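Observations on the three-dimensional arrangement
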Amino acid sequence: MESLELVVAVAAAVLVTGWTARRTGLSEPLLLLGAGCLMGLTPAFDAITLSPEVVLLLFLPALLYWEALTSSVREIRHNLRTIALQSTLLVLVTALAVAVVAHAFGHPWPLALVLGAVLAPTDAAAVAAVARAMPRRILTVLRTESLLNDGTALVLLAVTIEVVAEDAPFSWAGTSLRFVESYAGGIAIGVAVALLLRLIRRRLGDPLLHSVLSVATPFFAFLPAELLHVSGVLAVVTCGLVSSRYGPRVISPDARVQATAFWEVTSHLLNSALFVLVGTQLPAAVRALTSTDLLRAVTVALAVSAAVVGTRFLWFYSVPYAVRLVDRRPVQKERRIGAAQRLPLAWAGMRGAISLAAALTIPAVTAEGRPLEHRDAIVFTTVVVIVVTLTVLGPTLPAVVRRARFDTDEEQTAESLLAHRHLSAAALRALPALARRYGVEGNTVAHLERDISDRLHGGEDATRRSHGAHQLETALLHVKRQALTELRDAGRIDDIVLRGVQDVLDAEDVRLSIKAARMSGVTGAPDREAVPPRRS
């Protein structure tokens, strides 16, 4: 019963905070965190503990897969060096900086390094929630960094926990080999699973089965990687990136629409639930703090927070300039950004549920049965750093992005226009032969040819006619919805009949939405003229 109460409470918190954020413009992750903290203060939920297994084995694969599936493989390839440095070296440098600060406040070196590994990675959910307004290239770098640095941090955490809890000797050679094995094994498994599922998808005809396979895919990639003790994170991310390349060729449109709708809702719910659950742990972390007094623990946590944020700032205002001195190729000079545009990259250093789950995996006792000292302080510090980065960096990031004054991504608009015109030209070339094949002639062919030609040439008159036609179709759809509801309210049709007809209208609504999005992509400016409000 307690689990059901938690599910209902979390769902209610997600709904209320989401509505409040859209009404007030406040940061949604911050509101979710606050709601979770309030829940953790109530007697009904004060004993809730966020299970690291649930986060790392259930939430993490699903969220990583969707983020990878919707990333730009081309932008990742173009920015591979930057992403690789941030997801490996920056993680190690941050872990070391945190360890130095923690050791200065009295933590022994092994435990200080454990804390460093816990706090080194940025959180994919936190970054995705606040960084949407960034240009395509910057957003891709941040999203991919947050996808990959979990793998680096979790390997580092496993090594440091072995040293702390099992008194295993530390070896640079052994640790380096472990990193290589984890990365190479995870990538290989991700590619293998993606290619295997491609063969399976070619034989699936039912859109529902495609959707089921889509839901199961991240776990198909994550499980064998974990069983072989390589990076499940890299396996899922690689599988998602490979799947995004072949997906348009093997997945039918109706299956894709169904799966996309599921993932958009599920990813939002999982992200939001994680913020709420992290919030519930703040009161619990304070109550569990026994190895030191609260004032000292807060001081240490704030100092570690400064180290986490400061290290990232120092990285972005030093390493890229050092790389510039080495790589002076013209193609790299064209891709350089200024100090103002670099600030949002440095600012997007939020930590989240992955760090908390990693902290909770630290064993309470050593292999010899002795209690592990300072574990409560590490969990407390982790929670405080998450709260500080989410409350300070998260809500202010949009303002930082605005001050950076990024140039408009004209390349994306031009590519969209090119795609539409190329498709229209191909359709015009194929139209006569297809019309003969299917026995269509006369006015129907002429109408299709004129419509495709308008889209090919993309003149202002054609665009204006398309927008007008779209508004007319939307208004007529609204009239149909009202008439349908009036029939039901008058008792002339049954609710079952209403839902059946409503499904048809909803499908038409989806078609119009896609059409509107296509026109907005071509013109570079969405149609913002008022349309009648929708009613069920």
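Our structure's up above, just so we're on the same page.
Described below are features of the structure shown in this document. Position numbers for residues start from 1 in each chain and track the written sequence from start to end. In keeping with the model being predicted, local features are shown solely for residues with a pLDDT of at least 70 and side-chain atom pairs are shown and tallied solely at 80 or more, while totals for entire chains, interfaces and linings include all residues. Computation of side-chain values covers all heavy atoms of the structure but excludes hydrogens and water.

**Brief notes about the overall build of the chain**
In this description a helix means any DSSP run of H or I spanning at least four residues, a strand means any run of E spanning at least two, and both kinds are numbered starting from the N terminus. When you go through the chain residue by residue, the secondary structure sums to 23 helices and zero strands. For the chain, whose C-alpha radius of gyration is 26 Å, the value lies close to the compact-globule estimate of 24 Å for 536 residues. Principal axes of the C-alpha set define a box for the chain whose edges measure 85 × 65 × 50 Å. Relative to its 536 residues, the chain shows a buried fraction of 44%. Radius of gyration means the value over C-alpha atoms here, while the globule rule gives 2.2 Å times the residue count to the 0.38 power. Burial classes: relative accessible area under 20% of the type maximum marks a residue as buried, over 50% as exposed, and values in between as partly exposed (1.4 Å probe, protein chains only).

**Description of the pattern of salt bridges**
We define a salt bridge as a contact between a side-chain nitrogen of Lys or Arg and a carboxyl oxygen of Asp or Glu at a distance within 4 Å. Per the stated rule, a full pass over the model turns up six salt bridges. Arginine 22 is the salt-bridge partner of glutamate 28, the closest N and O atoms lying 3.2 Å from each other. Since its relative accessible area comes to 17%, glutamate 28 is described here as buried. On the basis of relative accessibility, which here comes to 59%, the residue arginine 22 falls in the exposed class. Of the charged contacts, one joins glutamate 145 and arginine 312 as a salt bridge, the two residues approaching to 2.9 Å between their closest N and O atoms.

**Observations regarding the packing of helix H6 (residues 89–104) against helix H7 (residues 109–119)**
Comment: axis = line fitted to C-alpha atoms, over the contacting stretch for helices; angle = value between 0 and 180 degrees taken between N-to-C directions. Contact geometry of H6 with H7 gives a least axis separation of 7 Å together with a crossing angle of 135°. For the element pair H6 / H7, the angle class is oblique. Helix-helix and strand crossings are classified by hand; for H6 and H7 the assignment is right-handed. Listed contacts from H7 to Thr94, Ala95, Val98, Ala99, Val100, Ala102 and His103 of H6 are Trp109, Ala112, Leu113, Leu115, Gly116, Ala117 and Leu119. Nonpolar residues are Ala, Val, Leu, Ile, Met, Phe, Trp, Tyr, Cys and Pro. Charged residues are Asp, Glu, Lys and Arg, and all others, Gly as well, are polar. A class-by-class count of the residues in the contact of H6 with H7 yields eleven nonpolar, three polar and no charged. By definition in this entry, angles of less than 35 degrees are roughly parallel, angles greater than 145 are roughly antiparallel, angles of 65 to 115 are roughly perpendicular, and the rest are oblique. In this scheme the crossing of two helices becomes right-handed for a clockwise turn of the near helix relative to the far one and left-handed for an anticlockwise turn of less than a right angle. Residue contacts are counted whenever heavy atoms from the two residues lie within 4.5 Å of one another.

**A closer look at unusual backbone geometry**
One non-glycine residue, histidine 229, adopts positive backbone phi at about 60°. Following the sequence through the fold, histidine 229 ends up in the loop between helix H11 (207–227) and helix H12 (232–250). What makes histidine 229 exposed here is its relative accessible area of 73%. One non-glycine residue, histidine 374, lies in positive phi territory at about 70°. Residue placement: histidine 374 occurs in the loop between helix H18 (353–360) and helix H19 (375–404).

**Side note on helix H2 (residues 28–41)**
Here H2 contains 14 residues, and its C-alpha end-to-end distance of 20 Å stays within 8% of the 20 Å for a straight helix at 1.5 Å per residue. For H2, the set of buried residues is Glu28, Pro29, Leu32, Leu33, Ala35, Gly36, Met39 and Gly40. The buried residues of H2 occupy an angular sector of 160° when the element is viewed end-on, so they sit on one face. In H2, those exposed residues whose orientation departs by more than 90 degrees from the buried face are Leu38 and Leu41. Multiply 1.5 Å by the residue count of a helix minus one, and that product is the helix's expected span. This arc is built from the directions going out from the helix axis to the C-beta atoms.

**Some remarks on the side chain of serine 211**
Here serine 211 shows up in helix H11. Separated by 2.7 Å, the side chains of serine 211 and glutamine 258 make a polar contact. The definition of a polar contact used here is a pair of N or O atoms within 3.5 Å, where within protein one atom must be able to donate a hydrogen and the other to accept one, and adjacent residues in sequence count solely through side-chain atom pairs.

**Digging into a nonpolar patch on the surface**
Nonpolar side chains (Val, Leu, Ile, Met, Phe, Trp, Tyr) are joined into patches within 5 Å and like charges within 9 Å, using only residues with over 30% relative accessible area and no salt bridge. Using a 1.4 Å probe, the Shrake-Rupley method yields the accessible areas, and only the shown protein chains count as cover for residues. Taken together, the side chains of Leu96, Val100, Trp109 and Leu113 present a nonpolar region at the surface, about 350 Å² in accessible area. Those elements giving two or more residues to the nonpolar patch turn out to be H6 and H7. Position of leucine 96 among the secondary structure elements: in helix H6. On the basis of relative accessibility, which here comes to 49%, the residue leucine 96 falls in the partly exposed class.

**As for the environment of phenylalanine 406**
Residue placement: phenylalanine 406 occurs in the loop between H19 and helix H20 (410–437). Overall, phenylalanine 406 belongs to the partly exposed group, its relative accessible area being 21%. Aside from chain neighbours lying at most four places away, what touches phenylalanine 406 is Pro135, Ile138, Gln341, Pro344 and Val401.

**A few points about a positive patch on the surface**
Together, Arg77, Arg202, Arg203, Arg245 and Arg249 make up a positively charged patch on the protein surface. When you line up the elements, arginine 245 lands in helix H12. Judged by relative accessible area, arginine 245 falls into the exposed class, the value being 52%. His is not counted, nor are the chain ends, whereas Lys and Arg count as positive and Asp and Glu as negative. Throughout, a charge is located at the NZ atom of Lys, the CZ atom of Arg, the CG atom of Asp or the CD atom of Glu.

**Side note on the side chain of threonine 17**
Structurally, the position occupied by threonine 17 is in helix H1 (residues 2–24). Those residues in contact with threonine 17, other than ones at most four positions away along the chain, are Glu28, Leu31, Leu32 and Ala35.

**Comments concerning the packing of aromatic side chains**
Here the aromatic set is Phe, Tyr and Trp, taking the six-membered ring for Trp, and pairing holds for ring centres within 6.5 Å; pairs whose planes are under 30 degrees apart are stacked, those over 60 apart are edge-to-face, and all others are tilted. Enumeration over the complete set of coordinates arrives at four aromatic pairs. A centroid spacing of 5.8 Å and a plane angle of 55° characterise the contact between tyrosine 65 and tryptophan 263, whose relative ring orientation is tilted. One end of the pair, tyrosine 65, is in helix H3 (residues 52–69); the other, tryptophan 263, is in helix H13 (residues 253–287), with 198 residues separating them in the sequence. As far as the burial class goes, tyrosine 65 and tryptophan 263 line up, both buried. Each ring, one from tryptophan 66 and one from tryptophan 263, has its centre 6.2 Å from the other, and the planes form 5°; the classification is stacked. In this pair, tryptophan 66 sits in helix H3 while tryptophan 263 sits in helix H13, placing the two residues 197 residues apart along the sequence. For tryptophan 66, a relative accessible area of 13% corresponds to the buried category. Judged by relative accessible area, tryptophan 263 falls into the buried class, the value being 3%. Members of the aromatic cluster, each reached through a chain of ring pairs, are Tyr65, Trp66, Phe262 and Trp263. Sitting above the plane of the tyrosine 321 ring, arginine 342 keeps its charged end 5.4 Å from the centroid. Only when the NZ of Lys or the CZ of Arg is both within 6 Å of the ring centre and within 35 degrees of the ring normal is a charge said to sit over the ring.

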